[in-house]
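Listed below are the residues making up each chain.
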Amino acid sequence: MSTVLKDLRYSKEHEWVKVDGDTMVIGITDFAQSELGDIVFVELPEVGDTITVDEAFGSVESVKTVSELYAPVSGTVVKVNEELSDNPEYVNESAYEKAWMVVIEPSDASELEKLMTADEYEAMVNED
């Protein structure tokens, strides 16, 4: 059973969002990393890039496949987890702590309301 944290919001593409003051932290879920298998490479945007809800902003490569990362909310990237370029295995080891992907300044905070709660996300992954 994968871990789902109650204080986060979730997208149907298996990204999570954590509100942190005026910014939002984005990563992929524990369920997603377990489905992908061993992560060997993470491609992320640059600081200053704009990401748009439901559009790809990077990718995660595992030994099995390459998977796009889809923006759960829109905004400007203010911080990128540089650790992941040298340590992509953090995604498998610590999907919610060490493996956050980007921090954004949201352009429309109301997009957060369209994301699933932890309970809704758990229900979705348990259907699969």
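For the chain, an unreviewed UniProt entry supplies the name Glycine cleavage system H protein and the organism Peribacillus faecalis. The Subunit (unreviewed entry) field of the UniProt record for the chain holds the comment "The glycine cleavage system is composed of four proteins: P, T, L and H." In UniProt, the chain has this text filed under Sequence similarities (unreviewed entry): "Belongs to the GcvH family."

Student: So what's going on with the overall build of the chain? Which residues, and what values?
Tutor: A tally of helices and strands in the chain yields 4 helices and 9 strands. In terms of C-alpha radius of gyration, the chain reaches 13 Å, essentially the compact-globule figure of 14 Å for 128 residues. If you line up the chain on its principal axes, its C-alpha atoms span 35 × 35 × 20 Å. Among the 128 residues that make up the chain, the fraction classed as buried is 49%. Pairs at least 24 residues apart make up 63% of the contacts formed inside the chain by residues separated by at least 6 positions.

Student: Give me the UniProt feature "modified residue: N6-lipoyllysine" (unreviewed entry) in the chain: which residues, what numbers.
Tutor: Under the local residue numbering, the UniProt record ascribes the feature "modified residue: N6-lipoyllysine" (unreviewed entry) to K64. Tracing the sequence through the fold places K64 in the loop between strand 6 (56-62) and strand 7 (66-70). Classification of K64 as exposed rests on a relative accessible area of 59%. Not counting the four nearest positions on each side in its chain, K64 is found in contact with E35, L36 and G37. Within polar-contact distance, the side chain of K64 engages the backbone oxygen of E35 at 3.0 Å.

Student: Provide a residue-level description of the sheet that holds strand 2 (residues 15-20), including the pertinent values.
Tutor: Strands sit in the order 1-2-3-9-8-5 across an open sheet of 6 strands; the sheet is antiparallel. With one partner strand each, in any of the chains shown, strand 1 (9-10) and strand 5 (50-51) form the two edges of the open sheet. Bridging between strand 3 (residues 23-28) and strand 9 (residues 102-106) involves 3 bridges; their strand directions are antiparallel. If you follow V25 over to strand 9, its bridge partner there is V103.

What counts, and where the lines are drawn
- Residues numbered from 1 in each chain as written.
- Predicted model: local features only at pLDDT ≥ 70, side-chain atom pairs only at ≥ 80, totals over all residues.
- Heavy atoms only, no water.
- UniProt positions renumbered as here; feature names shortened; annotations may be inferred.
- Helix = DSSP H or I, 4+ residues; strand = E, 2+ residues; numbered from the N terminus.
- Rg over C-alpha atoms; globule rule 2.2 N^0.38 Å.
- Buried < 20%, exposed > 50% of the residue type's maximum accessible area, 1.4 Å probe, protein only.
- Contact = heavy atoms within 4.5 Å.
- Polar contact = N/O pair within 3.5 Å; in protein donor to acceptor, adjacent residues only side chain to side chain.
- Pairing = 2+ DSSP bridges.

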